Amino acid sequence: MMPVDVLIACTVLQDHADQLSVLGNIIRPGAETQQRTELHLKTALLMAGSSLPDFTGDLCKSQKQISIQESLLTPDNLAKVQRDRQFVSDVIDGLIVELQNKNTFQSLLSAVGEERKKKVQLLDIINREEEGRLRIKALQKQLLDIHKQKTEECERLHGLEDYLREQVQHMRVKTNRQEKFVKSCAEQLVFQGLKLNSHKENELEDEMLQERTEEENNVHMEMEIFLKRQHASSQEKFQFWIQRYEKDMEEKEQEISALKNKRNNSQARIQELSKKCRDMQKVIIEDRTEKEHLRAQLEKEQKEKDSATKIQAWWRGTLVRKGLGSPKKAAKSKAKGGKKGKTKKK
């Protein structure tokens, strides 16, 4: 683009930006600003309508437009207009800066592309909502049809229930009659059967008594023989176990006497060992006391020896310090003097 074209475009865009800013100052969400906006719009419409030749028709049209504008001047619509105005103002400001710096209008194309994408997404959402509404309507219609079918089915079932109740009542009456007849027949049959059974039971009881007496006699004989055998075997076992008991008792008494002798011997041995232990303890105590006494005596002798050596060392030191000669020479001179004295005495 030429610089002149850029300047013209920037001027036009700046003019539009100023108009949008003025519009933004006019349209504000709120009670007073909304009333002021309505007044501005109404006066503008009236002025536009008064300039036309047909005043009455235009006035009606202007009144219709005012009613439409009143329906549109809600807080949500005003907020949407304000957002759109702000978006257009931002796009124009960015386009002016881009034209002045780079001499291009890519920001306008990108903004238009983004808005188209948003519009496509919005249309997609609207289409999906419309499909959802149509589906909801179809489901509601289907639900109504199902409800109608269910009500008809319930009415049919109620009629069937009433018919079945009547049939059940009829069957109960019929079954009661049949039960009474069957009961009377059964009582007669039972009475006859009881008579026959009582007669047969008497005959069977006589036969069973005879058989039972014979069987009891046979069982009694067998039990008597079995008990005699068991008595003989138990007598033999009793004699065997008595002998075994006496023998075991003698063995246990011998073992007990042997254990008593062992216990007495062990007690005597224990007493002897305890006496020896006491003697050994006394010997050990005496040995310990004697060793302690010897140790104390040796310590005392060692201390005396150490003190004597200390005294000798001190004495020798004093002799050496006073100049009286070494202790060895003094000892030698003393020894010589003693020898001479002895020779003189001779």
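Here is what the cut-offs are and how they apply
- Here the residue numbers are simple positions, counted from 1 along each chain's written sequence.
- This being a predicted model, a pLDDT of at least 70 is required before a residue's local features are given, and a value of 80 or more before pairs of side-chain atoms are given or counted; all residues contribute to the totals for chains, interfaces and linings.
- Each side-chain value is worked out from all heavy atoms of the structure, with water and hydrogens disregarded.
- Whenever Lys or Arg places a side-chain nitrogen within 4 Å of a carboxyl oxygen from Asp or Glu, that contact is recorded as a salt bridge.
- Secondary structure is summarised from DSSP: a helix means a run of H or I of at least four residues, a strand means a run of E of at least two, and numbering begins at the N terminus for each.
- Only protein chains enter the accessibility calculation, which uses a 1.4 Å probe; a residue is then buried when its area is under 20% of its type maximum, exposed when over 50%, and partly exposed in between.
- Pairing of aromatic side chains here covers Phe, Tyr and the six-membered ring of Trp, requires ring centres within 6.5 Å, and sorts the geometry by plane angle: under 30 degrees stacked, over 60 edge-to-face, intermediate tilted.
- Along the chain, pLDDT gives the predictor's confidence residue by residue, from 0 to 100.
- Two residues form a contact once any of their heavy atoms are found within 4.5 Å.
- Each nonpolar core is a collection of buried residues, namely Ala, Val, Leu, Ile, Met, Phe, Trp, Tyr and Cys, held together in the definition by side-chain atoms within 4.5 Å.

### Regarding the pattern of salt bridges
Okay, so step 1: Inspection of every chain in the model, using the stated rule, returns 9 salt bridges.
Okay, so step 2: Between Arg244 and Asp248 there is a salt bridge, with its nearest N and O atoms 3.6 Å apart. Pair noted here: Arg244 and Asp248 are both in helix H5 (residues 106-322), with a separation of 4 residues, about one helical turn.
Okay, so step 3: The class for Asp248 is partly exposed, based on a relative accessible area of 28%.
Okay, so step 4: The network of salt bridges with shared partners includes Glu292, Arg295 and Glu299.

### Quick word on the packing of aromatic side chains
Okay, so step 1: Tallied over the entire structure, the rule returns 1 aromatic pair.
Okay, so step 2: Both rings, one in Phe240 and one in Trp241, keep their centres 5.5 Å apart while their planes meet at 70 degrees; by these two values the pair is edge-to-face.
Okay, so step 3: Take Phe240: its relative accessible area is 44%, and that puts it in the partly exposed class.
Okay, so step 4: According to the relative accessible area criterion, Trp241 is exposed, its value standing at 52%.

### Section: the environment of Val97
Okay, so step 1: Note on placement: Val97 falls in helix H4 (residues 75-101).
Okay, so step 2: Taking the C-alpha atoms as reference points, Val97 and Ser107, 10 residues apart in sequence, are found 9.9 Å from one another.

### Concerning the confidence of the model for the chain
Okay, so step 1: Here the chain shows a mean pLDDT of 77. Residues at 70 or above account for 76%.
Okay, so step 2: In the model of the chain, helix H2 (residues 31-50) stands out as the element of lowest mean pLDDT, 47, in contrast to H5, which has the highest, 87.
Okay, so step 3: The low-confidence segment residues 30-34 (pLDDT under 50) makes 6 contacts with residues lying over four places distant or belonging to another chain.

### Side note on the nonpolar core
As a rule of thumb, nonpolar side chains are buried together in soluble globular proteins.
Okay, so step 1: Residues Cys10, Leu13, Ala17, Ile92, Leu95, Ile96 and Leu99 constitute the largest nonpolar core, which totals 7 residues.
Okay, so step 2: Here this core gets 4 residues from one element, more than from any other, and that element is H4.
Okay, so step 3: Apart from residues lying up to four places away in sequence, Ala17 is in contact with Ile92 and Asp93.

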